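Close look at the chain arrangement
Chain by chain, the residues:
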Amino acid sequence: MNKLHGVLVPSITPFKKNSEIDYEAIKSHVDFLISNGVHGIIPAGSTGEHAMLTLEEKKCIFKTFVDAANGKVKIIPGTHTLRNEESKALTEYAKDIGADAVMATVPYYFPPSDEEIWDYFSAIASVGLPVVIYNFPGNTNIDMSSEFLVKMSQEIPNIDYVKNSGGDVRRIHELIMLSEDKIGVFEGFDDLGLEAFVTGAHGWIVGSANIVPQQCVKLYELAVEQKDFNKAKSHYYEFLPLFSHLINCGKFVATVKAGVELVGGPSGSPRKPLLSITQSEKDQLKKILEQLKVI
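In this text, all values refer to a predicted model and were calculated from it rather than measured experimentally.

Conventions used here
- Residues numbered from 1 in each chain as written.
- Predicted model: local features only at pLDDT ≥ 70, side-chain atom pairs only at ≥ 80, totals over all residues.
- Heavy atoms only, no water.
- Phe/Tyr/Trp six-rings, centres within 6.5 Å; stacked < 30°, edge-to-face > 60°.
- Helix = DSSP H or I, 4+ residues; strand = E, 2+ residues; numbered from the N terminus.
- Buried < 20%, exposed > 50% of the residue type's maximum accessible area, 1.4 Å probe, protein only.
- Lys NZ or Arg CZ within 6 Å of the ring centre and 35° of its normal.
- Pairing = 2+ DSSP bridges.
- Contact = heavy atoms within 4.5 Å.
- Axes fitted to C-alpha atoms, helices over the stretch in contact; angles between N-to-C directions.
- Right-handed = clockwise from strand over helix to strand, strands pointing away.
- Expected span 1.5 Å × (residues − 1).
- Arc of directions from axis to C-beta.

For the rest of this paragraph, the subject is the packing of aromatic side chains. By the definition in use, this model includes 10 aromatic pairs. When the ring of W118 is compared with that of F148, the centres are 6.1 Å apart and the planes differ by 55°; the resulting orientation is tilted. Placement of the pair is W118 in helix α4 (residues 114-125) and F148 in helix α6 (residues 146-155), with a sequence separation of 30 residues. Take W118: its relative accessible area is 22%, and that puts it in the partly exposed class. Relative accessible area serves as the criterion here: at 12%, F148 is assigned to the buried category. If you follow K59 out to its NZ or CZ, it ends over the ring of Y93, 5.7 Å from the centre.

What follows covers the sheet that holds strand β8 (residues 203-205). A sheet is described by the order of its strands in space; here eight strands give the open sequence β3-β2-β1-β8-β7-β6-β5-β4, paired in parallel fashion. A single partner strand is all that each edge strand has here, and the edge strands are β3 (74-75) and β4 (102-105). In this sheet, β8 lies alongside strand β1 (residues 6-10) in parallel orientation, the contact comprising three bridges. Its bridge partner lying in β8, V7 is registered against W204. Packed on one face of the sheet, α4 meets β4, β5 (131-135) and β6 (159-164) and runs near 165° to β4.

Moving on to the side chain of S165. The residue S165 is located in the loop between β6 and α7 (170-178) in this model. The class of S165 is buried, set by a relative accessible area of 2%. Setting aside anything within four residues of it in sequence, one finds S165 in contact with Y134, N135, F136, P137, G188 and F189.

In this section: the pairing of β5. In terms of residue burial, β5 counts as a mostly covered element, since five of its five residues are buried. Examined bridge by bridge, β4 and β5 share four bridges and lie parallel to one another. Bridge pairing links V102 to V131 in β5. What joins β4 to β5 is α4, and the crossover it makes is right-handed. Pairing of β5 with β6, which is carried by five bridges, proceeds in the parallel orientation. In the sheet register, N135 faces β6, and the bridge partner there is N164.

Here we come to the environment of Y220. Assignment of secondary structure puts Y220 in helix α9 (residues 213-225). When near neighbours in sequence (up to four residues on either side) are disregarded, Y220 contacts H5, G6, V7, H39, F197, H202 and E225.

An ideal rise of 1.5 Å per residue puts 18 Å on 13 residues; helix α3 (residues 84-96) measures up with 18 Å between its terminal C-alpha atoms. Residues of α3 that are buried: S87, L90, T91 and A94. The buried residues of α3 all sit within an arc of 100° when viewed along its axis, so they share a single face. Away from the buried face of α3 by more than 90 degrees, exposed residues E85 and D96 are located. One or two residues past the end of α3 sits G98, with phi positive at roughly 100°.

Printed below as a string of structure tokens:
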């Protein structure tokens, strides 16, 4: 299994003022993330506004991230779409250009049955790259049970990981126990990082790391590598106001992008129908970042 671990960043997709993708900004952001010690980057995930990207744009984004990383960190493109054929084709492209794994959530809008979900992930996994199943019931309205996720991992080759984005850390225990620790579990909520590491998760897929990558990596180092839980808790509590704000503000993508801009990085506005945060909301975010002394 191609081991994934640690802090994986679901990267923003920087846009220019005309809403075109800013590929030079992507390269700059990748350099920023790598220089701050992240273990992997996920292009075209939820934070990357995958729903607002065309298939060709996704391919161009994947290639830009893979080339910019140049093997220094794992690149795990988001290859979910509403159609099996398109998701498989994107996964094939990701494999061809040298991506390390892919991440995919279930198709949404038409709620799929378990049989349809199984068929969908089988198509993606058949390409041969390790697959991170992204369980995000808040956005897909489908909550795959721990038993079902583990069964897929046991019977479908290359289903190796689960991103747990349901907000319930008990699911981490379930997935680890039911799979006998053979499935890699990643927590997907920014404000559950410490809980995830304490319960044995392989890593943390955290949008906040677009803004404070070094601080997110430090939590992993303290909690997992050094097992110094007192220092880990103290560090986590220091940055929890930011993590909680992002999760609860109701404008996650736009707020993360504003945060990247405030720390001096390229981001641009979200692509419509998403809108940028208001000046008042930006001032609130700026105050949090100033208190954390990151700006």
